[in-house]
Amino acid sequence: MTLRDFINKLLGRQPASATTAKQRLQLVLAHDRSDLNPELLEQMRREILEVVSRYVEIDIEEGDVSLETEDRVTALVANLPIRRTKPLPQQESKPDGDVPGEADPVWTASQA
Amino acid sequence: MPVTTSGSRSILICSGKGGVGKTTLTANLGIALARQGMRTAVLDADFGLRNLDLLLGLENRIVYTAQEVLSGNCRLDQALVKHKLEPNLALLPAGNPRMLEWLKPEDMQTIVGMLRESFDIVLIDCPAGIEDGFKNAAGAAEEAIVITTPEVSAVRDADRVIGLLNTRGIKPIQLVLNRVRPKMMANQEMLAVDDVTDILALPLLGLVLEDEQVIVSTNRGEPLTLNGSGSPAAQAYNNIARRVCGEDVPLIDPAKVRRGLRAKLGRLMQTKIF
Ligand SMILES: Nc1ncnc2c1ncn2[C@@H]1O[C@H](COP(=O)(O)OP(=O)(O)OP(=O)(O)O)[C@@H](O)[C@H]1O
Ligand SMILES: [Mg+2]
């Protein structure tokens, strides 16, 4: 934020148009570059939240999945505030169950 | 930092969006490079809406075009139009718009390949858009200069083009920011130079200010770099030419173009506080 933006904010004015332009560009380019339209992103967001909420209780309203881009590299960024962790599912065949991110097919099936 | 390669070079001048200054840059950069002693060819690859001849003041001297060269109806040197005041510069005019119906990327490669045999630098004035005209022209270039203005639509289109150039392995790709208005930038009513270079992630080859003299010079068909004009745009084009040749020329700072109290205040207001 620049000094001008800050003063505009204090006075309840609109931010300078260059600031708005930059923000809008960053957003639209993130979508252009990833070739994901907002609809697909929304679908992905819902599915990601669904998967994550099987493991932890998350704030669905606050949950945010968005595209961010820096140096021509686009990243999918998820910000999912966790309310609390759900009791771990029994890890039958995996004594040390330390494979993060790998959905256990046995467990997935039992949840369905 | 501008990059130079040895031997003959082919540089695409493109933008995505139309009307942002490709042809003006090609004409002025072509003349400036020629004046520095580089044997320079400018190729009008905008077959649909050719204009490079007009900006160079060569429109009345065209006999043959790229079309006759490709179809074998004339030799390359017969089609090339040498500039009378700057004999290091030659234009290869665009052919008939109907050429678009059969022209292929290989044809452009053939033409550029021929030009590179007798010139140090070949500048290719690309048509707007990202369709066939762009693809044909891009297929013949090793390097690219992307030109844009500090406006959202132009920057977005430039980004598209940069993506396409990247996938084609064109390198280096450098940026020219055109029609910069220091006063609007100071008031943060125009995207800042850093904003554009950050977003597009390209090295900046040059900044060209909004300059009425550009229009005056196109009226006359005499590029600004031809007559030793000291106007801001002329200086910018000359500096770009020197950087293309590998010289380390400092960029102008648009904030420093303006003097006085208002300018100082503008600079203060642009300070990033968090
Ligand atoms: N720095 C500048 N200051 C003022 N006017 C400019 C500047 N650069 C370009 N222009 C004007 O902008 C217009 C478009 O320029 P030009 O024809 O070079 O763009 P272009 O990208 O080649 O367009 P097209 O996509 O149609 O080929 C012209 O009228 C030109 O005079
Ligand atoms: Mg043009």
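Structure: above.
If you're wondering where the values come from, they're calculated on a predicted model, not measured in any experiment.

A. Spatial organisation of the site of ligand 1. Residue and element names in this part refer to chain B. Surveying the vicinity of ligand 1 reveals 16 residues, the closest of which are Gly19, Lys22, Thr23, Thr24 and Asn178. Within the backbone of Val20, one N or O atom sits 3.2 Å away from an oxygen atom of ligand 1. Between ligand 1 and Asn178, the relevant distance is 3.0 Å, taken from a nitrogen atom to a side-chain nitrogen or oxygen of the residue. Protein chains shield 80% of the accessible area of ligand 1, which is 630 Å² for the free molecule. Those elements that provide at least two residues to the shell around ligand 1 are helix H1 (22–35), strand E7 (173–180) and strand E8 (204–209). Residue composition of the shell around ligand 1, grouped by class: five nonpolar, six polar and five charged.

B. View of the interface of chain B and chain A. Contacts between chain B and chain A engage 27 residues on the former and 22 residues on the latter. Of the roughly 2,200 Å² buried between chain B and chain A on both sides combined, carbon and sulfur atoms contribute 57%. Contact with chain A buries area across many residues of chain B, yet Gln188, Ile199 and Met269 of chain B alone supply 27% of it, more than any other trio. One can count three salt bridges joining chain B with chain A. For the pair chain B and chain A, the interface holds eleven residue pairs in polar contact (both at pLDDT 80 or more). The set of elements that each furnish at least two residues to the side of chain B that touches chain A consists of helix H7 (152–167), helix H9 (193–200) and helix H13 (261–269) of chain B. Of the residues forming the side of chain B that touches chain A, the biggest block, eight residues, is contributed by H7 of chain B. Taken together, the residues that form the side of chain B that touches chain A break down as 13 nonpolar, seven polar and seven charged.

C. Fine view of the pairing of strand E2 (residues 64–70) of chain A. All names here are of chain A. Summarising the sheet, E2 and strand E3 (residues 73–79) pair through seven bridges and their orientation is antiparallel. Across the sheet, Ser66 pairs through a bridge with Val77, a residue of E3. The turn linking E2 back onto E3 is made up of two residues, and Asp71 within it adopts a positive phi angle of 55 degrees.

D. Molecular detail of the environment of Arg116 of chain B. Residues and elements named next belong to chain B. With respect to the helices, strands and loops of the structure, Arg116 is situated in helix H5 (residues 105–118). According to the relative accessible area criterion, Arg116 is partly exposed, its value standing at 23%. For the pair Arg116 and Pro97, spaced 19 residues apart in sequence, the C-alpha to C-alpha distance is 24 Å. In this view, Arg116 contacts Ser8, Arg9, Ser10, Val122 and Glu142; residues no more than four positions away in its chain are not counted. A distance of 3.1 Å separates a polar atom in the side chain of Arg116 from a polar atom in the side chain of Glu142.

E. Here's a closer look at the sheet that holds E8 of chain B. Residues and elements named next belong to chain B. Taken in spatial order, the eight strands make up an open sheet running E3-E4-E2-E5-E1-E6-E7-E8, and their pairing is mixed. The outermost strands of the open sheet, each flanked by one partner alone, are strand E3 (81–82) and E8. Judged from the five bridges that link them, strand E1 (residues 9–14) and strand E5 (residues 121–125) form a sheet pairing that is parallel. Bridged to Ser10 within E5 is Val122. The sheet contacts of H1 involve E1, strand E2 (40–44), strand E4 (89–92), E5, strand E6 (143–148) and E7, and relative to E5 the element is tilted by about 165 degrees. Across the face of the sheet, H7 comes into contact with E1, E6 and E7 while running at roughly 170 degrees to E6.

What counts, and at which threshold
- Each residue is numbered by its place in its chain's sequence as written, counting from 1.
- Think of it this way: whatever chain is written first is A, whatever ligand is written first is 1, and the rest follow in order.
- Owing to the predicted nature of the model, reporting of local features is limited to residues with pLDDT of at least 70; listing and counting of side-chain atom pairs is limited to 80 or more, with chain, interface and lining totals taken over all residues.
- The basis for every side-chain value is the complete set of non-hydrogen atoms in the structure, without hydrogens or water.
- Nearness is judged by heavy atoms alone; a residue qualifies as near a molecule or strand once a single heavy atom is within 4 Å of it.
- N or O atoms within 3.5 Å of each other form a polar contact, as long as, within protein, one can give a hydrogen and the other can take it, and as long as residues adjacent in sequence are counted only when both atoms are side-chain atoms.
- Accessible surface area values rest on a Shrake-Rupley calculation with a 1.4 Å probe, where residue burial reflects the displayed protein chains alone.
- Comment: elements are numbered from the N terminus, with helices defined as DSSP H or I runs of at least four residues and strands as E runs of at least two.
- For this classification, the nonpolar set comprises Ala, Val, Leu, Ile, Met, Phe, Trp, Tyr, Cys and Pro, the charged set comprises Asp, Glu, Lys and Arg, and every other residue, Gly included, is treated as polar.
- Residues count as neighbours in contact if any of their non-hydrogen atoms are within 4.5 Å of one another.
- Throughout, the accessible surface (probe 1.4 Å) given up by two parts as they are put together, summed over both, is called the buried area.
- Note on definitions: salt bridges are taken to be side-chain nitrogens of Lys or Arg within 4 Å of carboxyl oxygens of Asp or Glu.
- Two strands form a pair only when DSSP identifies at least two bridges running between them.
- For each residue, the accessible area found with a 1.4 Å probe, counting protein chains only, is set against the maximum for its type, and the residue is called buried under 20%, exposed over 50%, and partly exposed in between.
- Note on geometry: axes are lines fitted to C-alpha atoms, helical ones only across the stretch in contact, with angles between N-to-C directions running from 0 to 180 degrees.

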